[in-house]
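For reference, the chains in residue letters:
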Amino acid sequence: TCTRHPACRLFRVWHTAIAVRSPTRDRRAVVVDPMDALLVAALPLLDAASDTLGAPSHWPRYATRTFGALAAVTGLLSIAQMAAASGKPTKVKDSDANTNVGEFRLFQSSYLVVYLTVMLADWLQGTNMYTLYAGYDMPIGTLFLTGFTSSAVFGTFLGLYVDKYGRKAGCIVFCVLEIIINSLEHFPNLWLLLLGRILGGISTSLLFSAFESWMVTEHRKRKFPDEWLASTYSYSSIGNGLVAILAGVLAQVAADAYGDIGPFRLAIALTVLTLVFVCFWKENYGEQETGDAGGAFGMAWREICNKREIALLGGVNAFFEGAMYTFVFMWVPTIFRVAPESPPPPIGLIFSCFMICITLGGMVFTPLLKMVRGVYHSRRSRVPYILTAPPTANRQPIEAPNQLWATVWTKRAMSPIW
C-alpha cells in the first residue's frame, strides 16, 4: 500500500499487472495508471515468447513474465550501447599491428572457453544449495558459515602457493576439489557436508587466483601487448554475466528433472569438461622470490595499518560483501515465505532474474557515472571522490576505481529487491 517510495510503487504496478484480476470488480471505479496499462498490454507478448522458447507449463507466470521483461530491457540497452559504440574508431598502435592478431584470438578463445565453463559450473551450485540442505534437515547457517570462514582463511595465502607450484596445477586441483565437493552433496551426512564446505572455501580461493593469473602470465610470455589484456577481461566479464543468467535457467531445468541435487550433477559434468581442457595448457609460475605466507601476510597487514586509503577501501569492500552474502543466505527462505505455495517458486529462474539485474546495473553504470560527475563538476568543478585522504603537501585525494562505482550503483539498484 506504500506509494511514497519509487520501488514500492513499481512493485505495486508490476504486481497488479501479473496478478489475476477479479471479474467482479467494478471497472467504472478503477483509475487506470498509464504504466499499469502498458505492462498489462505487454503480458500477452511475454507469455507468447516464453511459450515459444519452451518454458515448462508448471513455471509460474509471475516468474516467466519478470524474466522476459528484464531480458527484453537488457536486450534493448545492449542494442543501444552497441549502436552508440559502432561509430567510434578503434586506435591501433604500430607495435600492435606487427603482432599476430590471429594467434592472440586463438589464445583468448581457448582461455575464455575454460573460464566461462568453470564459472557456469560454479554458478550452478549457488541456486539450490539452500533448498538441498533444507531437504536434508541440516543446520544451514552452520554449513554456510563454515564455507565463508574457510574461504576467508585459505584465501589469504593460497595464491602464494599457486605462484610457487604452478597456476596450471592450481587449476587442476580446483577441478578435482569441485568434483569431490559436488559428489559429497549427494550424501545427507553433516560431517561430509561440512568437509565439502571446507573444501569449497579452498576451491573458491583457487578459482579467483589460479585461472586469471595463468592467463596474464601466458599472455605476457607470448609477447602480446599488455593493452590487449583489457579485451580479455572485457569478454570475461560480459561472458560471466551471461553464463550466470544461463546457470539459473539450466539449474531450474535440472532441478525439475532430478530434484535439488540436479544442478550439482550438471556442475560435475561441466567441471570434468574443464579439467580436460586445462590438461592441454602450458604450466607457468609466479615470482620465485615470493617468500613465506606469514611474511606476505605481515607485509599486507603493515600496509593496511600504515595507509589509511587502503584500510578504507578494504572496509568499504568488506561491508558491501557482507551485505551481499547476507542476501545470498536469506533470499531463498524469503522467497518461500512471500511466494505462493502452489506452484512452488522456481528458484533457478528467480536467480536468473537477479543476475539480469546485475547485468543491468553494469549497463547503466557508465551513464550514471557521467551524470554524477557532471553534477559534481557543475557544483564543485572537480571529479567526485568516494574515498578521500586528508589533503597534504604529499598526499592528494584518491579517486575511487570504476569497479567500486559499479559495485555501489549495482547494489543500490538491487536494494529494493533485497
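Residues numbered from 1 in each chain as written. Predicted model: local features only at pLDDT ≥ 70, side-chain atom pairs only at ≥ 80, totals over all residues. Heavy atoms only, no water.

Enquirer: Please explain the overall build of the protein chain as it appears in this structure.
Expert: Looking only at helices and strands, the protein chain has 17 helices and 0 strands in total. Taken over 418 residues, the protein chain has a buried fraction of 37%. Summed over its atoms, the accessible surface of the protein chain is roughly 24,100 Å², and 65% of this surface lies on carbon and sulfur atoms. (Helix = DSSP H or I, 4+ residues; strand = E, 2+ residues; numbered from the N terminus. Buried < 20%, exposed > 50% of the residue type's maximum accessible area, 1.4 Å probe, protein only. Areas by Shrake-Rupley, 256 points an atom, 1.4 Å probe, with all protein chains shown as cover.)

Enquirer: What is the right way to look at helix α9 (residues 167-184) in this model?
Expert: Working note: α-helix, 3.6 residues per turn, so residues spaced by three or four point in the same direction. Its 18 residues place the ends of α9 26 Å apart at the C-alpha level, agreeing with the 26 Å of an ideal helix rising 1.5 Å per residue. Those residues of α9 that fall on the buried side of the exposure criterion are R167, K168, G170, C171, F174, C175, L177, E178, I181, N182 and L184. At its buried positions, α9 is contacted by α5 (101-124), α8 (158-165), α10 (190-207), α11 (210-221) and α13 (262-278). (Expected span 1.5 Å × (residues − 1). Contact = heavy atoms within 4.5 Å.)

Enquirer: I tried to follow the nonpolar core on my own but got confused; where do I start?
Expert: Buried together is how nonpolar side chains tend to be arranged in soluble globular proteins. In this structure, Y111, F174, L206, F211, M215 and W281 are the most contacted members of the largest nonpolar core, which totals 38 residues. Looking at this core, the elements with two or more residues in it are α5, α8, α9, α10, α11, α12 (229-258) and α13. M129, Y130, F264 and I347 belong to the second-largest nonpolar core, a separate cluster that totals 29 residues. (Core = buried A, V, L, I, M, F, W, Y, C linked by side-chain atoms within 4.5 Å.)

Enquirer: Please clarify how unusual backbone geometry should be interpreted in this entry.
Expert: Apart from glycine, the bulk of residues carry a negative phi angle, and the bulk of peptide bonds sit in the trans form. With a phi close to 60 degrees, D137 is a non-glycine residue in the positive phi region. One can find D137 in the loop between α6 (129-136) and α7 (140-154). Phi angles above zero are rare outside glycine, and K223 is one such case at about 60 degrees. You can see K223 is positioned in the loop between α11 and α12. A residue is classified by how much of its surface remains accessible, and K223, at 69% relative accessible area, is exposed.

Enquirer: Help me out: how do you make sense of the environment of F224 in this one?
Expert: Within the secondary structure, F224 sits in the loop between α11 and α12. F224 sits in the buried class, given a relative accessible area of 5%. For F224 and V101, which are 123 residues apart along the polypeptide, the C-alpha to C-alpha distance reads 8.9 Å.

Enquirer: Hey, could you run me through the environment of A244 in this one?
Expert: Mapped onto the secondary structure, A244 falls in helix α12. On the accessibility criterion, A244 (1% relative accessible area) is buried. In this structure the C-alpha to C-alpha distance between A244 and L120, which are 124 residues apart in sequence, comes to 6.4 Å.

Enquirer: Where do I start with the packing of α7 against helix α15 (residues 308-338) in this structure?
Expert: A pair of packed helices can be characterised by two numbers: the angle between their axes and the separation between those axes. Remark: α7 packs on α15, axes separated minimally by 11 Å, with the N-to-C direction vectors making an angle of 150 degrees. The angle between the axes of α7 and α15 places the two elements in the roughly antiparallel class. Like other packed secondary-structure pairs, α7 and α15 cross with a definite hand, here right-handed. Within the contact between the two elements, α7 uses I140, G141, F144 and F148 and α15 uses Y325, V328 and F329. Counted by class, the contact of α7 with α15 contains 6 nonpolar, 1 polar and no charged residues. (Axes fitted to C-alpha atoms, helices over the stretch in contact; angles between N-to-C directions. Parallel < 35°, antiparallel > 145°, perpendicular 65-115°, else oblique. Left-handed = near helix turned anticlockwise from the far one by under 90°. Nonpolar A, V, L, I, M, F, W, Y, C, P; charged D, E, K, R; others polar.)

Enquirer: Teacher, can you tell me more about the packing of aromatic side chains here?
Expert: For any pair of aromatic rings, the description consists of the separation of the ring centres together with the inter-plane angle of the planes. Under the criterion given, the structure shown has 23 aromatic pairs. Here the aromatic rings of F224 and W228 are separated by 6.4 Å at their centres, their planes lie at 25 degrees, and the arrangement is stacked. As far as the burial class goes, F224 and W228 line up, both buried. Following the ring pairs from residue to residue traces out a cluster consisting of F104, F107, Y111, Y115, F174, F211, W214, F224, W228 and W281. (Phe/Tyr/Trp six-rings, centres within 6.5 Å; stacked < 30°, edge-to-face > 60°.)

Enquirer: I'm lost on the packing of α12 against α13 in this one. Help?
Expert: At a minimum axis separation of 7 Å, α12 and α13 run at an interaxial angle of 115 degrees. Residues L250, A251, A254, A255 and Y258 of α12 touch α13, and the partners they reach there are G262, P263, R265 and L266. When grouped by side-chain class, the residues that make up the contact of α12 with α13 number 7 nonpolar, 1 polar and 1 charged.

Enquirer: For this particular structure, what's the right way to read a nonpolar patch on the surface?
Expert: Where nonpolar side chains cluster on the molecular surface, the patch consists of F297, W301, I304 and I310 and spans about 410 Å² of accessible area. Take the nonpolar patch: its biggest share by element is 3 residues, from helix α14 (residues 293-306). Examined against the element boundaries, W301 turns out to sit in helix α14. What makes W301 exposed here is its relative accessible area of 51%. (Patch = residues over 30% accessible without salt bridge, like charges linked within 9 Å, V, L, I, M, F, W, Y side chains within 5 Å. Salt bridge = Lys/Arg side-chain N within 4 Å of Asp/Glu carboxyl O.)

Enquirer: Hey, could you run me through the environment of L195 in this one?
Expert: Within the secondary structure, L195 is located in helix α10. Along the sequence, L195 and T146 sit 49 residues apart, while their C-alpha atoms lie 9.1 Å from each other.

These figures come from the coordinates and say nothing about function on their own.
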